[in-house]
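Single-letter residue listing:
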Amino acid sequence: MMKTIPVVILCGGMGTRLAEITEIRPKPLVEIGGRPILWHIMKHYSHYGFNEFVLALGYKGEQIKRYFLDFVDINRDFSITLEDGQTFPINHNGREPWTVHLIDTGQGTMTGGRLKKLQLLIGKSTFMMTYGDGVSDVNLEELLNFHRRNKSMVTLTAVRSPARFGALEINGNYVQRFQEKAQLNEGWINGGFFVIEPEALDYIDGDVMWEQSPMEQLAEERKIHAYKHEGFWQCMDNIRDLRYLESIWESKNVPWKTWDKKPEKIREKLNVG
């Protein structure tokens, strides 16, 4: 049983629209400013006090495992005696207060199937979930408070973006209709950054897309709320998106770089029970 609110990050997709890069590395390890997009996502969550992560691995998941196995050594300075290979840390640069669970959920498993495979690990805890290819400056404290205030089973972050993504029809704060990769008049789309109660995983029947039958049924039963985020959100779906994110990073005015701002004092609120 998790003692804090864990963050599930879906990291298993093949990233076919970034094939030039993802032929050699998984999409969550594609870099922005010399760091994997996965690191950027985790830094944002950590800024709000969420430091326990469950990574649902699939395509080239062994590279993500290796990244974290090497994380401490790569990011610190050290001395090494080449006679016997002993290392001695000089400093602890790059240390993070993270606990990371790396779970192989299968090469071709769909998003719902990946979540279902994590059900026993998550247990009966509220958890957060997002995709390993999108960054945002969404206020995660406000998102969690919105979820609790509305007593929602699922809260998603609704954002504005082109119609090539799943569209939402929103009535008040309820998701009235969910339609994956289609355009509805209101123009809101599923931006990830979910808060989910464990009972929602019971809506997943087998290896299915989370964004299809499970979310469609939850929406029909008025069990999904939409947290409307008008701020920055951007996925890394193709080379154009990657270049756009790189250009923002180089501009030094980076909306999702929340960890450079004043730390949020909410860690005491994140304990379960």
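Read on for a plain summary of the structure. Throughout, residues of each chain are indexed from 1 in the direction in which the sequence is written. Totals for whole chains, interfaces and linings use every residue, but because this is a predicted model, local features are given only for residues with pLDDT of at least 70 and side-chain atom pairs only at 80 or more, for both listing and counting. As a rule here, side-chain values come from all non-hydrogen atoms in the structure, and water together with hydrogens is ignored.

## Some words on the overall build of the protein chain
We count a stretch as a helix when DSSP gives it H or I for four or more residues in a row; a strand needs E for two or more, and each element gets its number in order from the N terminus. Within the protein chain, the secondary structure is distributed over nine helices and 16 strands. Going through the 273 residues of the protein chain one by one, you find that 52% of them count as buried. Accessible areas in this description were obtained via Shrake-Rupley with a 1.4 Å probe; residue shielding takes into account the shown protein chains only. Carbon and sulfur atoms provide 48% of the accessible area of the protein chain, an area that totals close to 13,300 Å². Partly exposed describes any residue whose relative accessible area lies between the buried limit of under 20% and the exposed limit of over 50%, with all areas from a 1.4 Å probe on protein chains only and scaled to the type maximum.

## A short note on the packing of aromatic side chains
Note on aromatic pairs: the rings of Phe, Tyr and Trp (six-membered ring only in Trp) are paired at centre separations within 6.5 Å, and the planes decide the class, stacked below 30 degrees, edge-to-face beyond 60, tilted for the rest. Summed over all chains, the structure comprises 14 aromatic pairs. Ring centres of Tyr45 and Phe53 lie 6.5 Å apart, and the angle between their planes is 85 degrees; on these two criteria the pair is classed as edge-to-face. Summarising the burial analysis for this pair, Tyr45 and Phe53 share the class buried. With 6.1 Å between their ring centres and 70 degrees between their planes, Phe194 and Trp210 make a pair best called edge-to-face. Placement of the pair is Phe194 in strand β14 (residues 194-196) and Trp210 in the loop between β14 and α8 (213-220), with a sequence separation of 16 residues. Taken together through their ring pairs, the aromatic side chains of Tyr45, Phe50, Phe53, Tyr67, Phe68, Phe71, Trp98 and Phe193 make up a single cluster. Above the plane of the ring of Trp39 lies Arg35, whose end atom (NZ or CZ) is 4.5 Å from the centre. Each ring is checked for a lysine NZ or an arginine CZ that lies within 6 Å of its centre and within 35 degrees of its normal; such an atom marks a charge sitting over the ring. For the cation-ring pair, Arg222 lies above Tyr174, with the distance from its terminal atom to the ring centre recorded as 4.0 Å.

## Quick notes on the environment of Asp77
Tracing the chain through its elements places Asp77 in the loop between α4 (71-75) and β5 (78-81). By relative accessible area, which is 40% here, Asp77 ends up partly exposed. Asp77 sits 12 residues away from Pro89 along the chain, and the two C-alpha atoms are 6.2 Å apart. Only heavy atoms matter for contacts: two residues are in contact if any of them lie within 4.5 Å across the pair. Residues within four places of Asp77 in sequence aside, it is in contact with Pro89, Ile90, Asn91 and Asn93. Polar contacts here mean pairs of N or O atoms no more than 3.5 Å apart (in protein, one a potential hydrogen donor and the other a potential acceptor; neighbouring residues in sequence count only if both atoms are side-chain atoms). Among the polar contacts made by the side chain of Asp77, one reaches the side chain of Asn91 at a distance of 2.8 Å.

## Notes on the nonpolar core
Here the nonpolar core consists of buried residues drawn from Ala, Val, Leu, Ile, Met, Phe, Trp, Tyr and Cys, with membership extended through side-chain atoms lying within 4.5 Å. Core analysis: the biggest nonpolar cluster contains 48 residues, and Ile9, Tyr45, Phe50, Leu55, Met128 and Trp256 have the highest contact counts within it. Where this core is concerned, the elements lending two or more residues are β1 (7-11), α2 (37-47), β4 (52-57), α3 (61-69), α7 (140-149), β16 (233-235) and α9 (239-251). Top contributing element to this core by residue count: α2, with six residues. Setting aside residues no more than four positions away along its own chain, Met128 makes contact with Ile5, Pro6, Val7, Val8, Tyr45, Phe50, Leu140, Leu143, Leu144, Phe194 and Val195. Core analysis: the second largest hydrophobic core is formed by 31 residues, Tyr131, Ala158, Trp210 and Met215 among them.

Remember, this is a structural readout, not a statement about activity or role.
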